[in-house]
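Observations on the three-dimensional arrangement
Each chain, written out:
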Amino acid sequence: MNTASTICVVGNGIIGKVAALGLAQAGFSVTLLTPPASQPAASSGSWDVRVYALNQVAHALLSSLRVWDALDAARIAPVDAMVVNGDGPQAGGRLSFDAYGARAGVLAWIVEDSNLNAALDAALRFAPNLNRVAARAIRLEQQAEEAVIHLDNGTALHAALVVGADGAQSWVRAQCDIGLDYRPYGQRAVVANFSTALPHHGAAHQWFTSEEGIIALLPLPGNQVSLVWSAPDALADTLLQEPLSQLAARLTNLPRQPFGELVPLQPESVKAFPLALMRPHQIVAQRVALVGDAAHVVHPLAGHGMNLGFADVTALLQVLAERGERDCGDARVLRRYARERKEDILLMQIATDGLERLFATDLEPVRVLRNVGLNLLDQLPVLKRRLMSHAMGKPLAPSVKKG
C-alpha cells in the first residue's frame, strides 16, 4: 500500500478540523479520526460563551481555505483597540493599542466557537480527498515507512504522517512517549456574556490584578461583551456559585470601566476552564507532528492559544508544500516543521507565563514598578507597534503544492 501522501489527523477540535481541511485541499489523502460520540452541536441562537480573538495569521489561513467567508459575519466583532489596565489605586498603569497605531485595519476578530465549528464542519463535508472516521484509537505503531493507528473496532489506519491535534491531554503525544513540563496556575477561566449600557466602540479591555487574576472584556456585535476572567480557584468557585447578576455588578464596578452597567445576556450562561502551562519536550516524533494544544498550552491572558494552533497548521502546510520528493512523514520534513515553530511557541510561553507571574506578585514595590512600566511603554509608539506586530502575526497564507 502506498501511503506516501496519506495523512491521518487525530482530533475533533477547531485546529484538527483546520489541519484536515488544509491538508485535503493541498491534495493529500486525509483521514480525520474523531471520537465515536462527537457530533456537531446544533446552534441554539444564543451567544456562545466560548469565543476566540483570532489574529491575522488565523484570518489568512481561514480565508485561504475559503472558510472565513462562510462564517456568520453578523456574529463576528472586529477589535479596533485594546486597553490594558494595571492594578492599585485607580487601576494603576495603563497601556493602549489601536489598529491605526499598529498600521492595520483590525487588531483581531472575536469569533464564537460554535460559529467557527459550523463553518468548518460545512467545509469538511465537501472537502476532496477527506474521509471522516468516528472510532477510538487504542494503539499507535510507528514504523520506518508508515504509522499505523489501531482502532477499537479491529481495523487500522495507515498513514505516512499522523497529525496530533487532539488537545492538551493528547493521546497521540502520550503514544509517542513525549515528555511534558506541566504547571497548573491554580486558576480557571470563567466565561460569560453581557450586554452593556454604553457602546464598546470595538475596544477590548483588560485588567491585571494581583489578588483577583486577569479580567478581559471582549467586544461582541452590538452593545455586548464577552468575559474571560482568569480567576484564582477559590474566587472562581465564588463566581460560579453566585448569581450572574452579581458577577455583572462586579464587572460594572471595575476601575475605569467604560461600558457602564452590565447585564447578563439571556439565557444566562457561565462556564469555567482550568488553566495550566504545558510544554511538551518536542512537537515531532517518528511519523508524527503535533499541532494546537497537543503541542503547547499557554495562559489565555493574551488570547493567543488558538492563534498558536493556526500558526502551527500554516507552518506545517508550508513545510509539506516545500518537501520536494520526500514523503510527508519524512524525518527531515518534520524536523524543519519543529524548527519553524520553536521560536514563536517559546516567545509566547515566556511572555504569557512571565506576565502571569509578574502580576500575581502582590508586593508593593513590584506593583509600583509594573504600573510605571505600563505607563512608560504606552509612551513608546515604536516598541508598542513591534509588540502588536508580533501579537497579530504575519498574515502569510501557505503556498499549496499538491500532495
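Residues numbered from 1 in each chain as written. Predicted model: local features only at pLDDT ≥ 70, side-chain atom pairs only at ≥ 80, totals over all residues. Heavy atoms only, no water.

Looking now at the overall build of the chain. The helix and strand tally for the chain stands at ten helices and 20 strands. Sequence-distant contacts in the chain: of pairs separated by 6 or more residues, those separated by 24 or more amount to 74%. About 17,700 Å² of surface is accessible on the chain, with carbon and sulfur atoms providing 55% of the total. (Helix = DSSP H or I, 4+ residues; strand = E, 2+ residues; numbered from the N terminus. Contact = heavy atoms within 4.5 Å. Areas by Shrake-Rupley, 256 points an atom, 1.4 Å probe, with all protein chains shown as cover.)

Let's shift gears to the sheet that holds strand S19 (residues 284-285). With respect to topology, six strands assemble into an open sheet ordered S8-S2-S1-S12-S20-S19, the strand pairing being mixed. Only two strands of the sheet have a single neighbouring strand rather than two, namely strand S8 (130-134) and S19. Bridge analysis of S19 against strand S20 (residues 288-290) gives two bridges, and the strand direction is antiparallel. Pairing of valine 284 across the sheet is with alanine 289, part of S20. (Pairing = 2+ DSSP bridges.)

What follows covers unusual backbone geometry. Proline 267 follows glutamine 266 through a cis peptide bond whose omega is -10°. Following the sequence through the fold, proline 267 ends up in the loop between strand S17 (262-264) and strand S18 (270-280). Look at asparagine 129: it is not a glycine, yet its phi comes out positive at around 60°. Along the chain, the position of asparagine 129 falls in the loop between helix H3 (113-125) and S8. Overall, the relative accessible area of 44% leaves asparagine 129 in the partly exposed class. A positive phi angle is found at histidine 201, which is not glycine, with a value near 55°. (Buried < 20%, exposed > 50% of the residue type's maximum accessible area, 1.4 Å probe, protein only.)

Extensive coverage of strand S16 (residues 224-232) is indicated by the burial of eight of its nine residues. Across nine bridges, strand S13 (residues 180-196) lies against S16 in antiparallel orientation. Its bridge partner lying in S16, glutamine 187 is registered against proline 232. Count of turn residues in the strand S15 (residues 214-220)/S16 antiparallel hairpin: three residues, of which glycine 222 carries a positive phi of about 75°.

This paragraph deals with the sheet that holds strand S3 (residues 51-54). Strands sit in the order S3-S7-S4 across an open sheet of three strands; the sheet is antiparallel. Sheet topology places S3 and strand S4 (77-79) at the edges, where each strand pairs with a single neighbour. Within the sheet, the average angular offset between the axes of one strand and its neighbour, ignoring direction, is 25°. Pairing of S3 with strand S7 (residues 108-112), which is carried by four bridges, proceeds in the antiparallel orientation. Its bridge partner being in S7, tyrosine 52 is matched across the sheet by valine 111. The strands touched by H3 are S3 and S7; relative to S7, the strand with the most contacts, the crossing angle is about 80°. (Axes fitted to C-alpha atoms, helices over the stretch in contact; angles between N-to-C directions.)

At a minimum axis separation of 10 Å, helix H1 (residues 14-25) and H3 run at an interaxial angle of 30°. As judged from the angle between their axes, H1 and H3 are roughly parallel. Where H1 crosses over H3, the handedness of that crossing is left-handed. Facing H1, whose interface residues are Ile14, Lys17, Val18, Ala20 and Leu21, H3 presents Asp113, Leu116, Asn117, Leu120, Asp121, Ala123 and Leu124. (Parallel < 35°, antiparallel > 145°, perpendicular 65-115°, else oblique. Left-handed = near helix turned anticlockwise from the far one by under 90°.)

We now examine the packing of aromatic side chains. Counted according to the given criterion, the structure contains one aromatic pair. On the numbers, 5.5 Å between centres and 70° between planes, the contact of tryptophan 68 with tryptophan 109 is edge-to-face. Residue tryptophan 68 is located in the loop between helix H2 (56-64) and S4, and its partner tryptophan 109 is located in strand S7; the two are separated by 41 residues in the primary sequence. Comparing tryptophan 68 with tryptophan 109 shows no difference in burial state: the two are buried. (Phe/Tyr/Trp six-rings, centres within 6.5 Å; stacked < 30°, edge-to-face > 60°.)

Take helix H5 (residues 233-241) next. Listed in full, the buried residues belonging to H5 are Leu235, Ala236 and Leu239. Projected onto a plane normal to the axis of H5, the buried residues spread over an arc of 105° and lie on a single side. Of the exposed residues in H5, those oriented more than 90 degrees away from the buried face are Ala234 and Gln241. (Arc of directions from axis to C-beta.)

A word on the nonpolar core. Judged by nonpolar contacts, the single largest core of 75 residues is most densely connected at Val9, Leu33, Leu54, Leu116, Ile149 and Phe310. Here leucine 54 is in contact with Leu62, Trp68, Ala108, Trp109, Val111, Leu116, Met306, Asn307 and Phe310, once residues within four sequence places are set aside. Counting 23 residues, the second-largest nonpolar core is a separate cluster that includes Val79, Val84, Leu107 and Leu277. (Core = buried A, V, L, I, M, F, W, Y, C linked by side-chain atoms within 4.5 Å.)

On to the side chain of glutamine 25. If you trace the backbone, glutamine 25 turns up in helix H1. At 3.2 Å, the side chain of glutamine 25 forms a polar contact with the backbone oxygen of leucine 65. (Polar contact = N/O pair within 3.5 Å; in protein donor to acceptor, adjacent residues only side chain to side chain.)

Read these as geometric descriptors, not functional statements.
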